[in-house]
Amino acid sequence: MAGLPVVSSNRKVAVIGAGMVGVATASYLLRDGHDVTLIDPEPPGSGASFGNAGCFNPSSIVPMAMPGTLAKVPGYLADPLGPLAIRWTYLPKLTPWLIRYIRSGTPERIEAQARALRSLLGPCLESLMPLVRNAGAQSLVARNGILIAYRSEATWRGEKLAWDLRRRNGVAWEELDADELRQFDPNLSRDYIRGRLIPDNGHSVDPGGLVAALAEAVQRDGGSLRYTRATGFAMNGNRLRAIVTAEGEVAADAAVITAGAHSRSLAASVGDAVPLETERGYHIMVREPEVVPRIPTTDADGKFVATPMRHGLRLAGTVELAGLAAKPDWRRARMLLTQAKRLFPGLAPSYEEDRLSMWMGHRPSLPDSLPVLGASTRSPDVFHAFGHGHVGMTGGPFTGKIVADLVSGRPPPIDLSPFRADRF
Ligand SMILES: Cc1cc2nc3c(=O)[nH]c(=O)nc-3n(C[C@H](O)[C@H](O)[C@H](O)COP(=O)(O)OP(=O)(O)OC[C@H]3O[C@@H](n4cnc5c(N)ncnc54)[C@H](O)[C@@H]3O)c2cc1C
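Here is what the cut-offs are and how they apply
Residues numbered from 1 in each chain as written. Predicted model: local features only at pLDDT ≥ 70, side-chain atom pairs only at ≥ 80, totals over all residues. Heavy atoms only, no water. Domains from an automatic or database assignment. Contact = heavy atoms within 4.5 Å. Buried area = accessible area lost by both parts, 1.4 Å probe. Salt bridge = Lys/Arg side-chain N within 4 Å of Asp/Glu carboxyl O. Polar contact = N/O pair within 3.5 Å; in protein donor to acceptor, adjacent residues only side chain to side chain. Helix = DSSP H or I, 4+ residues; strand = E, 2+ residues; numbered from the N terminus. Nonpolar A, V, L, I, M, F, W, Y, C, P; charged D, E, K, R; others polar. Axes fitted to C-alpha atoms, helices over the stretch in contact; angles between N-to-C directions. Parallel < 35°, antiparallel > 145°, perpendicular 65-115°, else oblique. Expected span 1.5 Å × (residues − 1). Buried < 20%, exposed > 50% of the residue type's maximum accessible area, 1.4 Å probe, protein only. Near = heavy atom within 4 Å. Areas by Shrake-Rupley, 256 points an atom, 1.4 Å probe, with all protein chains shown as cover. Pairing = 2+ DSSP bridges. Core = buried A, V, L, I, M, F, W, Y, C linked by side-chain atoms within 4.5 Å. Patch = residues over 30% accessible without salt bridge, like charges linked within 9 Å, V, L, I, M, F, W, Y side chains within 5 Å. Lys, Arg positive; Asp, Glu negative; His and termini not counted. Charge placed at Lys NZ, Arg CZ, Asp CG, Glu CD.

**Quick notes on the domain arrangement of the protein chain**
One can read the domain layout of the protein chain as domain 1 (12-50 + 209-275 + 369-423) and domain 2 (59-106 + 140-205 + 276-365). Measuring from the centre of the C-alpha atoms in domain 1 to the corresponding centre in domain 2 gives 28 Å. The interface of domain 1 with domain 2 comprises 19 residues on the first partner and 21 residues on the second. Both faces considered, domain 1 and domain 2 share a buried interface measuring about 1,700 Å² in area, 66% of it formed by carbon and sulfur atoms. The largest contributions to the domain 1 side of the interface with domain 2 come from Ala 261, Pro 275 and His 390, which together make up 36% of the buried area. Taken together, the connections running from domain 1 to domain 2 amount to zero salt bridges. Taken together, the links from domain 1 to domain 2 amount to nine residue pairs in polar contact (both at pLDDT 80 or more). Elements with a contribution of two residues or more to the side of domain 1 that touches domain 2: helix H2 (48-51) and helix H10 (207-220). Taken together, the residues of the side of domain 1 that touches domain 2 sort by class into eight nonpolar, 10 polar and one charged.

Have a look at this one:
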């Protein structure tokens, strides 16, 4: 590839999972001259990376568990349109994760988590754009910021700690009053009284399509794609010999676990028992909507995002704690449309089903809102790169670059100690 430094270390690397994280990792490994195979039983970009809100948010450095989060939970759970649901049958399995989650929200720990997140998310667009240009996918990425709209003063005031944290970590934004909000986007309801505009963020108008396009470029540039499920690793002592898959072995002398919410058992097989959970999220899309936001717009009170996409208006968000196996509860997707009508009153009161589509996906989440990133305990050849939670589209591109450094034997560009697998 023109103009890029190529290191001729040439390892045979298997990347397990072809979501945003895996595909970005494969892309950067190829640039270093490695022989790369992506392994996934599903087409690239069909996991969590398919249906998210599409935002590239280097500003999203506020951990999910904050001081005071616990006090808000009963209110969230009591509200049928609320942003959080727990399936009570899943609670016994979930409890150890929940305890760690609550304990991670102390004032000292959130400072460290936010700093670590900023180091990983800050270089998002500069890491992503070379891959996008190489894939010819520029039309799938917009770089015109995001908006956060507030319906209540209480919510605005309640977020002070979070915005102080952002300020301390170098995030820049503009504050809008009610009139400025309306001038910025006349489609917004008059019930919204304040706004924050983050001009440096971007978004994809088709996140799944973008990951698929990057994966096509990986194959065009010499990488390969194997449609099968990885089940473990074949070792010679602590050195990797092959990936064990549902269809036999794939020879490799390095591997990266990028299987998102499904990474737990693979990580355990190389000595790292990590408390990975799924925070399930939903979207509903409206084809040919009457109104679209100018840029992705977060409803700070409803805690969902309305994103203008090439196939319509996507309303995405909510957290449901119910594990990997439970069936979707489509009421959680439909409620997003109810909420969105408060944000954009120009949307129709009701829609024919053929104009709507719904999706549920698995955010891969660790209790401290940080991914696991770095070499495994059992083998210097197997690397972890999973658990990006709410920010994997944003964190994926720079993660890929970091992993390429590790596989190639270069020092990583940021301190990776907050992301160690053995931190729990
Ligand atoms: C509603 C919602 C909104 C979101 N909005 C945003 C947003 O605006 N911005 C943002 O940055 N993030 C957002 N996210 C988070 C983001 O979508 C995820 O963090 C990100 O997609 C995770 O990427 P990934 O590559 O780790 O996982 P995935 O995209 O899930 O990919 C993992 C892949 O691994 C494969 N796999 C699983 N097991 C195996 C195996 N054993 N062998 C081989 N392959 C396997 C799967 O098939 C899948 O293709 C949102 C998430 C949700 C649910």
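Text resumes after the structure shown.
**A look at the packing of helix H6 (residues 124-135) against helix H13 (residues 392-408)**
The relative placement of two packed helices is expressed as an angle between their axes plus a distance between the axes. Interaxial distance between H6 and H13 falls to 8 Å at its minimum, and their mutual angle equals 75°. Taken together, H6 and H13 sit at an angle that is classed as roughly perpendicular. Across from Cys 124, Ser 127 and Leu 128 in H6, the residues of H13 making contact are Thr 394, Pro 397, Phe 398 and Lys 401. Of the residues contributing to the contact of H6 with H13, the split by class is four nonpolar, two polar and one charged.

**Things to note about helix H1 (residues 20-31)**
The end-to-end C-alpha separation of H1 is 17 Å, in line with the 16 Å expected for 12 residues at 1.5 Å each. With respect to burial, H1 is a largely interior element, 12 of its 12 residues being buried. Those residues of H1 lying buried are Met 20, Val 21, Gly 22, Val 23, Ala 24, Thr 25, Ala 26, Ser 27, Tyr 28, Leu 29, Leu 30 and Arg 31. Of the residues one or two after H1, Gly 33 is the one with positive phi, at around 90°.

**Observations regarding the site of the ligand**
Lining the immediate surroundings of the ligand are 35 residues, of which Asp 40, Ser 49, Cys 55, Gly 389 and Thr 394 lie closest. Met 393 is positioned with one of its backbone polar atoms (N or O) 3.0 Å from an oxygen atom of the ligand. Here the ligand, which alone exposes 1,000 Å², has 95% of that area covered by the protein. Counting residues per element, the ones that place at least two in the shell around the ligand are H1, H2, strand E15 (277-286), strand E19 (356-365) and H13.

**Looking at the sheet that holds strand E14 (residues 254-257)**
Strand order in the open sheet made by the six strands is E10-E2-E1-E14-E21-E20, with mixed pairing throughout. On the outer flanks of this sheet lie strand E10 (224-226) and strand E20 (372-375), each paired with one strand and no other. Geometrically, the sheet is characterised by an average inter-axis angle of 20° between neighbouring strands, direction not taken into account. The pairing of E14 with strand E21 (residues 382-386) spans three bridges and is parallel. The residue of E21 that forms the bridge with Ile 257 is His 384. Of the strands in this sheet, strand E1 (12-16), strand E2 (35-39), E14 and E21 touch H1, which is tilted by about 170° from E2.

**Thoughts on the nonpolar core**
Counting 72 residues, the largest nonpolar core has Phe 56, Leu 210 and Val 256 as its most contacted members. The dominant element in this core, judged by the number of residues it contributes, is H1, at eight residues. The two domains that each donate at least three residues to this core are domain 1 (12-50 + 209-275 + 369-423) and domain 2 (59-106 + 140-205 + 276-365). Every residue in contact with Phe 56, bar those within four places of it in the chain, is listed here: Met 20, Cys 124, Leu 125, Leu 128, Val 141, Asn 201, Gly 202, His 203, Ser 204, Leu 210, Met 393 and Thr 394. Listed in part, the 28 residues of the second largest apolar core include Leu 176, Tyr 192, Ala 306 and Tyr 351.

**Quick look at the side chain of His 362**
Tracing the sequence through the fold places His 362 in strand E19. Residue classification places His 362 among the buried residues on the basis of a relative accessible area of 16%. Within the structure, His 362 has its side chain in polar contact with the side chain of Thr 278 (distance 2.8 Å). Setting aside residues up to four positions removed in sequence, His 362 forms contacts with Ala 48, Ala 261, Thr 278, Glu 279, Arg 280, Gly 323 and Leu 324.

**Section: a negative patch on the surface**
A contiguous patch of negative charge on the surface is contributed by Glu 174, Asp 177, Asp 179 and Glu 180. For the negative patch, the secondary-structure elements that each account for two or more residues are strand E7 (174-177) and helix H9 (178-184).

**Overview of the pattern of salt bridges**
Between side chains of opposite charge, a pair can form when the charged atoms approach closely. Enumeration according to the criterion identifies 24 salt bridges in this entry. A salt bridge links Arg 151 to Asp 299; the shortest N-O distance between them is 3.6 Å. With a gap of 148 residues between them, Arg 151 in the loop between strand E6 (146-150) and helix H7 (153-158) and Asp 299 in strand E16 (residues 297-299) connect regions that are remote in the sequence. Judged by its relative accessible area of 0%, Asp 299 is buried. Between Glu 153 and Arg 157 there is a salt bridge whose closest N-O contact spans 4.0 Å. Of the two residues, Glu 153 and Arg 157 both sit in helix H7, four residues apart, roughly one turn of that helix. On the basis of relative accessibility, which here comes to 32%, the residue Glu 153 falls in the partly exposed class. Classification of Arg 157 as exposed rests on a relative accessible area of 56%. Salt bridges sharing common partners tie together Arg 11, Arg 239, Asp 253 and Asp 381.

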